[in-house]
Structure formats: structure tokens, C-alpha cells
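Spelled out, the chains give:
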Amino acid sequence: MIRLESVEKRFGDRVVISPLSLEVEEGEFLTLLGPSGCGKTTLLRIIAGFETPTSGEVLLDGKPITHLPPYRRDMNMVFQHYALFPHMTVEENIRFGMRMKKLPPEEQNRRLEEALAYTNLSEYRRRKPHELSGGQQQRVAVARAIVNKPRVLLLDEPLSALDYQLRRKLQVELKNLQRDLGITFVYVTHDQEEAMAMSDRIAVMNRGVIEQVGTPEEIYLRPRTLFVAMFVGENNLFRKGGTTVAVRPENIRVVPESVLAEEERARRAACEPVAVGAAAGASAGSLAANGGVNAGSVTAGGAAVGGAVATGANGGNLAAGDAASYGGEPGVTAAAAATAGGAFGTVQDIVFVGGLRKTFVRVDADEPLVSGVLPWFDDSESVYPSGRDRRIVISCDTAGSLPPLRKGERVAIRWAPEHEVTLSC
Amino acid sequence: MLRRGGILAFFPLAWMIVFFVVPTVLVVLLSFRKRGTLGEILPEYTLEHYRRLADPLYMGILLDSLIVAAAVTLLCLVLGYPLAYHISRQSRRRQRVWLFLVILPFMINFLIRSYAWVILLRAQGVVNTALMKLGLISQPLPLLYNDGAVLLGMVYGLLPFMVLPVYISLERLDRRKLEAAYDLGATPLRAFRHVTLPLTMPGVLTGATLVFVSSAGIFVVPEVMGGAQSALIGNVIQNQFLSARNWPFGSAMSVVLTLASLAMIALMYRAFRTAGGKEPI
Amino acid sequence: MGRNETDLGGAGREPAGRMERANRGVTSRNVYRRAVAAYSAAMLAVLHAPLVVLIAYSFNDSRINAAWSGFTWKWYVSLFGNERVLEALGNSLYIAGMSTVIAALLGVPAAVWLHRLRRRALWSGLFYLPQLMPDIFMGLALLILFSRLSIPLGKWTVIAAHVTFCVPVVVLFVLARLSGIGRELEEAAYDLGATPRQAFFRVTLPLLVPAIVSAMLLSFTMSLDDFVITFFVAGPESTTLPLYIYGLVKRGVSPEVNALSALMVAVTILLLAGAELARRRGETPSRAVQPKRKET
């Protein structure tokens with residue numbers, strides 16, 4: 001419905017938006033997400049008509065509106081600081097757009113009442129903006145915009161001035177509003193939680209470039225670039241065969257040494273009687289048959305990396321019991337066992353936040369990893385953009401889950417191959 | 001530049017050109033003309049008026065006037081800043097009252113106010129009479145008709161010119177910066193010197209400029225309160241235009257005065273800028 | 001400022017040093033504050049003293065000022081019979097009124113235009129420069145202009161002069177307010193369908209009114225009060241009050257001058273009070289309401 005074709009914006013020599021293209025579908029809630037200075041607000045203003053692109057076209061329903069002034073576009077904007085007219089009452093503010101359009105009084109009144117009722121502002125209609133709270137002002141700004149029944153609503157970080165609780169509440173309200181009215185929303189924010197909660201699609205921007213466009217799920221589970229992987233939620237980065245892969249903390253398992261020892265014993269015990277295709281003893285990188293798998297075993301370095309021993313597919317065995325004991329499902333454990341990811345390290349810190357336990361593990365410098373995942377703690381390159389220690393891996397699980405971990409404890413970390421996401425930088 | 005709403009600018013610009021630029025040019029031109037014996041303007045050009053001004057007599061008067069203006073400015077700053085500070089610390093409502101009270105005398109005609117001081121300070125004036133009645137002095141004090149009186153009159157008249165801009169600057173000051181300074185261990189004096197003063201420099205400069213410009217060419221106060229011996233350049237110029245009928249010479253003098261005044265203002269800006277000015281905190 | 005070692009990990013008291021320092025700061029700050037307050041009160045008294053004396057002595061039944069010989073209205077009475085005074089008063093008011101209105105009509109568009117300019121330093125200089133020139137220079141410059149153009153000196157030459165020094169005031173106030181308003185409101189108006197012209201008249205201008213009124217008030221006062229410039233450009237029929245008083249003062253102290261001055265003071269006070277009241281009423285009656293910022 002809205003199409004941006006090769007839109008570029010420069011201020012003098014400074015390139016704020018490199019030529020980009022974007023399509024906004026009718027009725028969708030699209031968010032432009034990115035850090036300060038990435039160009040998202042400028043892009044919004046270009047769509048609104050407050051800025052003209054240096055090159056490129058903006059089209060609405062196929063018709064170019066690039067040079068159309070804002071007062072002739074069928075869009076309305078909710079400004080970051082609300083921009084309510086201080087000398088007018090709430091009612092007069094809301095009426096403004098309708099008066100400019102010269103709507104008949106009955107229609108104006110009808111829409112006014114509707115908007116007031118919808119935003120719960122009826123009893124404040126005669127107040128002036130400075131007599132309202134932040135949340136109420138924000139609602140007036142929204143009411144003032146939607147009362148004109150625009151085809152597109154543009155929102156420039158409208159909730160950034162509000163405190164956490166209020167923001168959460170209004171996020172829900174705005175989402176419902178969008179759904180009820182069916183208006184296309186283009187929303188700008190730097191808060192990725194907000195974007196994830198509200199949007200149908202997100203366009204992640206960085207330094208004037210759109211890094212990825214997709215649904216929140218796509219963005220989260222399959223980030224395409226390094227920036228997106230790191231900006232949305234937390235991520236761990238590993239180098240693998242010349243590329244970088246990202247693994248979300250919730251997919252990293254932390255296995256304490258005690259459990260590793262258990263596993264090793266169980267593996268030994270299991271390997272002896274069950275000899276079907278099972279490699280005996282400590283063999284390098286071996287697989288057992290029938291789903292009985294010996295995971296991540298010894299590498300050339302000789303240091304034994306603990307492996308999870310899974311049973312045969314028929315389950316119910318010591319090892320499976322062990323698998324259950326640290327919260328992994330047997331199937332996953334088996335798969336994890338088949339995989340590459342793993343290393344030894346020490347627990348740096350444990351943080352409890354929002355019902356989750358985050359474990360920060362500092363991986364040993366000289367530990368090579370198994371199965372083709374090359375050491376990524378090469379001091380010559382810094383993979384993490386923002387100065388996070390390269391050797392810290394973050395793992396995340398629900399608070400109160402087992403095994404309990406302690407600071408300074410020796411652990412192993414591992415993950416499954418399907419949780420690796422390859423990134424293009 | 002003129003395209004957007006150029007029509008808006010036409011009348012104001014035209015006015016300023018006709019009633020400001022043109023007259024200024026005329027003064028400068030006139031200062032180079034010869035004066036006939038009967039006071040008429042001759043069509044010849046000459047530098048004689050400027051040469052006459054270079055005479056130490058006139059230079060001395062000019063210098064005196066500038067020094068007086070500078071002194072008045074400084075006094076207004078020292079006396080006015082605390083007052084502005086106090087006002088800016090009051091509640092909104094109180095501030096309005098204070099401002100009203102400070103501006104009120106200012107709204108009264110300058111002349112009248114100088115005259116009021118005459119009533120107070122002259123030999124048979126209120127102050128002397130009261131002091132004598134109280135037996136504190138036997139002879140009336142010569143409070144009037146001297147340089148001190150002139151200074152007093154000028155400061156009194158121009159103080160609000162300093163208080164208002166400084167107040168506006170103070171009012172805009174972000175209190176939190178001060179709080180940060182205190183939190184970091186600054187004494188009130190140091191906080192003032194390193195935080196408040198630099199941040200209110202714009203107001204100080206505006207006030208200083210207004211006061212200085214007003215005092216530079218003044219002739220009313222010296223005439224009313226300074227008596228015969230206080231001849232500042234303003235008085236001399238006025239004289240040239242009235243009694244002496246030497247317009248070209250008077251023009252030359254006022255050109256020199258204006259240039260000197262503008263130069264002082266430029267210097268002031270330079271000095272204050274480096275001292276306080278735009279230091280980011 | 002020593003640390004109280006034995007208290008660490010105990011009841012959670014802050015290290016004594018920091019508290020002491022903060023408190024000391026507070027006390028000395030209070031001392032300064034009181035000193036400044038006392039000074040300001042004294043200053044205010046000094047500012048008003050001469051005027052109070054002036055008004056008091058205008059009722060003095062004596063030609064020689066300082067001695068009080070009794071209360072009388074006679075000086076005032078003689079004023080009202082004095083045609084020249086009334087004429088001067090009328091002139092002053094007329095000139096001030098016209099100058100203020102014309103200055104506003106010129107100054108507001110000028111400020112709006114300047115606000116829109118990218119590089120406005122040069123052009124705004126043209127409007128501010130008159131304030132930087134000594135009064136005396138402006139006065140005689142205009143005198144020379146009128147003399148060259150053979151325009152006889154009269155009320156309108158005075159008005160022209162007054163407008164010239166009032167326009168910068170209007171421009172200054174309005175421009176400052178425009179910058180304070182910021183672009184968002186203007187953009188919001190555009191967004192809601194207002195053309196630039198509509199946006200200006202419905203949104204910007206109403207918000208400028210307080211600044212315009214203040215500027216006009218100040219201009220009116222400056223015009224009423226002006227002496228030097230008027231001195232040079234007034235004609236024989238266009239004596240203003242300050243000029244008239246000047247004439248009287250040159251002849252020495254006299255009770256008539258006192259009475260006239262006192263009257264001017266009274267009139268000015270009334271004007272100011274009236275203007276302030278008008279301004280208050282025009283302002284938003286903010287009724288007691290919700291807390292200002294963040295809550296529910």
C-alpha cells in the first residue's frame with residue numbers, strides 16, 4: 001500500500017538513509033526498529049511528508065506522493081512529544097483535523113464522541129493539555145489523529161516518555177486500536193521488546209540501512225545479519241568455518257561438572273552391556289547406533305569433554321534419567337549429543353531477572369571446540385560489536401530449574417546444531 | 001531567501017532602511033561637510049571636524065564618557081545580579097510580584113526619576129534636612145552636582161535594564177546542574193562561579209550591552225544631577241546641535257562616540273565569552 | 001570527614017563525611033540566601049524611595065521642598081487648569097499609542113520572516129542594530145533625515161522615530177517566543193491538514209499573543225518615557241510630557257513638577273496594573289487538576 005523505492009536522504013554530505021526500498025501492506029502494524037540515529041524517524045518523516053528524500057519515490061496505492069505536502073496526504077502522525085496545541089482544550093485539539101477538512105458539524109460531533117469514548121477521555125474534554133497527565137496527553141494525541149480516519153497512522157516513539165507500567169498498558173491499547181480500526185500503522189521505536197510485542201512485521205534499521213524485514217518470530221529465530229542478531233534479544237556468537245553463527249541463550253545448556261562425571265560413568269556403564277554399534281571406551285568423535293549416541297567425545301587435544309549419554313530410542317535408562325535430571329529432553333539430548341557445540345568454562349555470574357535465570361559462563365581460552373566449530377576466542381578479531389567479552393557465553397533457562405549452579409563452578413556448555421543461525425555480516 | 005514569505009519582510013525592511021540605514025549614512029556624510037560661518041552646510045568635504053576631535057580636550061571628554069558608561073555598567077551588574085538571583089528563586093507568583101515592583105520605577109520617566117533624586121539630595125533636600133534635624137551634621141552635604149551623583153542617577157535609571165535579562169537567564173537555568181555541583185562537593189561560591197555565572201552569561205551580556213549603550217551618550221543625567229562641570233560627550237553633542245549650530249562637528253562627534261561604543265561592546269563580548277560563555281557543562 | 005569504620009555493615013548509616021559535607025553546604029547556602037534576600041529587599045526600598053518622596057512632597061504646602069508645611073491639593077489643581085500640560089499629555093499618549101501599534105504591525109511579520117530564514121544573523125542584525133546605537137546618535141540622525149527631506153518636525157516625525165526603536169523590541173520578543181514554540185506544533189498542524197497559512201493563524205499566532213502583548217507594553221512605555229530622541233525630532237506643537245518636564249526642571253525644583261511627576265507615576269501604575277490584569281484574564285485558567293507528569 002505504501003511503497004518506498006530507493007529512497008535516500010542526505011543532509012549535506014551526511015548520508016542519513018542509504019537508498020532503500022520497503023513495502024508496507026495495508027492493514028498491517030509495521031515497526032521501524034533501530035538504535036538512535038539509524039534513520040528510522042527520518043524515514044517516518046519522509047513518509048509523512050515533513051522531509052523530502054534526496055532521491056527515490058514514495059508511493060501510496062501506486063501513486064507518487066513524494067513531493068506532496070503533509071497536509072495533503074491521507075495520513076496522520078502521533079508525535080513523540082505529542083505536540084498538543086497548548087492553547088486549545090482536548091476537544092478543540094481533537095476537532096482540529098476535522099475542521100481543516102471542513103466536515104459537517106454532525107459528523108464532527110459524532111466522531112468526536114466516538115474518539116473520546118474509545119480513549120476514555122470524555123470527562124477531560126474541556127481540559128487544556130497542561131492539565132493532563134502524560135498518559136492522558138498521549139491518548140489525546142492518538143485520538144486527535146484517528147478521528148480523521150486516515151488510511152495510515154504514523155507513530156514516532158509515542159510511548160517513550162512514559163514509565164514502564166504505563167507503557168505496557170498503552171502498548172496493548174494501541175495494538176487493540178489498530179486491530180479494531182484496521183488502520184495501517186507505521187510505528188517507530190528503539191525498544192525491541194515493544195516492537196516484538198506489537199508488530200505484525202518489523203523492519204530493523206541500522207545506520208540508514210534496513211537490515212532485515214520480517215515477522216517478530218522471523219526476526220528473533222532467524223536473524224539474518226550480525227546487527228539484527230545482537231540488537232533483538234541477546235545472542236551468543238561463534239565462528240564456524242569462516243562464518244559467524246548465533247545461538248540464543250535459551251538454547252545453550254550449562255552442564256555442571258558433577259553431572260558430567262555422572263554422565264561419564266553412565267556412559268561407561270551403558271557402553272559395556274550395550275555393544276550394538278557402540279564405540280567402547282573413550283573413542284574420538286564416535287556415534288553409537290540406534291539412537292544411542294555418545295556425544296561430543298574426546299578430541300585430539302585429549303581433554304575429555306563430557307557427553308550426554310542417551311539411551312537407545314527405547315528410552316528409560318540411567319542416562320536418560322540423567323538427561324532428565326538436568327532438564328533436557330532425551331530427544332534433544334541425543335541430538336545435542338550428535339552435535340558440534342560444546343566447550344568447558346567457569347560460571348562467572350548468575351542473574352535472576354523476569355523469572356529467568358541467566359548464567360554467564362567464561363569459556364576456557366585454550367579449549368578447542370568439537371566438530372568443526374573453530375575456536376572463536378581469537379584475540380585478533382572481536383566478534384561482538386559492543387565490547388562484550390568474547391569469551392562470555394550467556395545461557396538462559398527458567399529460574400528454579402535444575403541443576404543449581406554456583407559461581408566459580410566448572411561447567412560445560414553445549415547446544416544443538418539446529419539452533420545455530422548463520423549470519424551474513 | 002526572500003522567496004518564502006518575502007512579502008512579509010518588505011514593509012519592515014523598507015522601514016528600517018528608510019529610518020535607520022539612511023539617516024545613519026546621512027550623519028556620516030554630514031560629518032565630512034564644511035560648515036559655513038552662519039551655521040549653514042557647505043557643499044565641500046573636509047576632515048577638519050575629525051581633526052578637531054583628535055584634540056586632547058575632546059578625546060578626554062570621550063574617554064571620560066566611556067569610562068563612566070563602563071563604570072555604570074559594572075555597578076549595575078554588581079548591584080543588579082543579586083537582585084535578579086533572588087527574584088528567580090521565588091515561587092512563580094512571587095516572581096511576578098517582584099518583577100512588577102522592580103519594573104515599576106523603571107516605567108516612570110527617566111527625567112522624573114532623576115529629578116526625584118535631586119529633591120532627595122540637594123542642599124535643602126530631604127536627606128540633608130533630615131540629617132541636620134537629627135543633629136548628625138551641621139552643614140549640608142554636597143550630595144549632588146558631582147560625579148558620584150551622576151553615577152548614582154545613571155545606575156538608578158538603568159538598573160532594570162540589567163536585572164531583567166539576567167533574571168530571564170537565571171530563570172532558564174537548569175537547577176539540576178547546580179545540584180550536581182553541590183553533590184560533587186562545590187561550595188556555594190564555587191558553584192556560582194563555575195556553574196551559574198557561565199550559564200547566565202547571555203543574560204549578563206544582554207544587560208551589559210543595554211546599560212552601556214544607554215549610558216554612553218547620555219546627557220540628561222549629567223545635566224540634571226551633575227551640574228555645570230559634568231560635561232559628558234552627550235552634553236557636548238547636544239550643545240553642537242542646539243546652541244553652537246555646528247551640525248557637522250556634532251555629527252563627527254556622534255560618529256566617533258558610536259564607533260567607540262560599538263567597539264567597547266565587541267570587546268565586552270569577547271572578554272565575557274572566553275570567561276564564561278559557551279562552556280558546555 | 002573520616003569514615004566511621006565500626007559502622008560498616010551495621011545499621012547502614014552513610015559514611016559520616018559525606019553527610020557532613022552536604023549539610024555544611026546547605027547551611028552556608030542558607031546564609032547566602034538570606035543575605036541575598038535582605039539585600040534585595042533593601043534594593044527594592046532604594047528603588048522606590050525617591051518616588052515615594054516625590055509623591056509625598058507633591059502634597060507639601062510649601063515652595064521650598066524639604067520643610068513640611070501642610071497637606072494640600074493645590075498643585076494638582078493648578079495642573080489640571082494648565083493647558084500646556086494637558087496638551088503634552090495628550091501628545092504623549094497619542095504618540096505612544098500609534099508607535100506601539102505600528103511597531104507591532106511591522107515587527108510581527110519581520111519576526112516570522114526571520115524565524116524562517118536559515119542564515120538569519122545578517123538580517124536580524126538590521127533589526128537589532130538600532131538598539132546598539134546611542135540614543136543621541138539616533139536622535140540626530142533622524143533630525144538630519146527630516147531636515148534633508150524638508151519634512152517639518154511634528155507628531156508624525158516623533159512617531160516615526162519611536163517606531164524605529166520599538167520594532168526591535170517586538171522582533172526580539174516574538175522571535176524568542178517563536179523559537180520557544182518549536183517546530184513540532186507547526187508540523188502537527190500541517191499533519192492535521194492545515195496549510196501553512198492556516199497553521200500560522202490558528203496555532204502559531206495565538207501562542208504568540210502573550211509575547212506580542214508584552215512587547216507592545218514595553219514599547220508603549222519606552223515611547224512614553226523617551227526623551228533624547230524625542231528631543232531632537234519633536235516640533236513646537238508636539239511637545240511630549242518628558243519634554244515639558246525637562247523644560248520645567250531646567251528652571252529648578254518646583255512643586256508643580258512634583259505634582260505632575262506624581263500624576264505620571266500614578267497613571268503608569270494604573271496602566272501597568274491594568275495590563276497585568278488583562279493578561280491574567282487572557283491566560284488559561286488552570287483549575288486544580290491531575291498531577292502534572294507521570295502517574296497512573
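Caption draft 1: Up close: the overall build of chain B. In terms of regular secondary structure, chain B is built from 13 helices and 2 strands. Based on the C-alpha atoms only, the size of chain B along its principal axes is roughly 75 × 70 × 35 Å. Here chain B, with 281 residues, has 51% of them falling under the buried criterion. Within chain B, contacts between residues separated by at least 24 positions form 67% of all contacts whose residues are at least 6 apart in sequence. When the accessible surface of chain B is totalled, it reaches about 13,300 Å², and 67% of it is carbon and sulfur. Separation between the mean location of the 25 positive side-chain charges and that of the 12 negative ones in chain B comes to 9 Å.

Caption draft 2: Up close: the sheet that holds strand β4 (residues 55–60) of chain A. All names here are of chain A. Pairing within the open sheet is antiparallel, and its 4 strands lie in the order β2-β1-β4-β5. Either end of the sheet is taken by a strand with one partner, and the two such strands are β2 (14–24) and β5 (63–64). Taken together, the 5 bridges between strand β1 (residues 2–11) and β4 define a ladder with antiparallel strand orientation. Counted as the bridge partner of Glu8 is Ser55 from β4. On the sheet, helix α1 (residues 40–48) packs against β1, β2 and β4 and is oriented at approximately 120° with respect to β1.

Caption draft 3: Quick peek at the interface of chain C and chain A. Taken residue by residue, the interface counts 29 residues in chain C and 37 residues in chain A. Summed over both partners, the interface of chain C with chain A buries about 2,900 Å², with 58% contributed by carbon and sulfur atoms. Of all residues in chain C, Glu184, Asp191 and Leu192 of chain C bury the most surface against chain A, accounting for 24% of the area lost on that side. Inspection of the region where chain C meets chain A yields 1 salt bridge. Arg45 of chain A is the partner of Glu187 of chain C in a salt bridge, and the nearest nitrogen-oxygen pair spans 2.8 Å. For the pair chain C and chain A, the interface holds 5 residue pairs in polar contact (both at pLDDT 80 or more). Put simply, the parts of the chain that give the side of chain C that touches chain A at least two residues each are α7 (183–191) and α8 (196–225) of chain C. For the side of chain C that touches chain A, the element with the highest residue contribution is α7 of chain C, accounting for 7 residues. Here the side of chain C that touches chain A is composed, by residue class, of 13 nonpolar, 7 polar and 9 charged.

Caption draft 4: Structural context of the interface of chain C and chain B. Taken residue by residue, the interface counts 85 residues in chain C and 83 residues in chain B. Summed over both sides, the interface between chain C and chain B buries roughly 7,700 Å², with carbon and sulfur atoms accounting for 79% of that surface. Across the contact surface, chain C and chain B share 0 salt bridges. Run the count over chain C and chain B and you get 4 residue pairs in polar contact (both at pLDDT 80 or more).

What counts and what doesn't
Residues numbered from 1 in each chain as written. Chains lettered and ligands numbered in written order. Predicted model: local features only at pLDDT ≥ 70, side-chain atom pairs only at ≥ 80, totals over all residues. Heavy atoms only, no water. Helix = DSSP H or I, 4+ residues; strand = E, 2+ residues; numbered from the N terminus. Buried < 20%, exposed > 50% of the residue type's maximum accessible area, 1.4 Å probe, protein only. Contact = heavy atoms within 4.5 Å. Areas by Shrake-Rupley, 256 points an atom, 1.4 Å probe, with all protein chains shown as cover. Lys, Arg positive; Asp, Glu negative; His and termini not counted. Charge placed at Lys NZ, Arg CZ, Asp CG, Glu CD. Pairing = 2+ DSSP bridges. Axes fitted to C-alpha atoms, helices over the stretch in contact; angles between N-to-C directions. Buried area = accessible area lost by both parts, 1.4 Å probe. Salt bridge = Lys/Arg side-chain N within 4 Å of Asp/Glu carboxyl O. Polar contact = N/O pair within 3.5 Å; in protein donor to acceptor, adjacent residues only side chain to side chain. Nonpolar A, V, L, I, M, F, W, Y, C, P; charged D, E, K, R; others polar.

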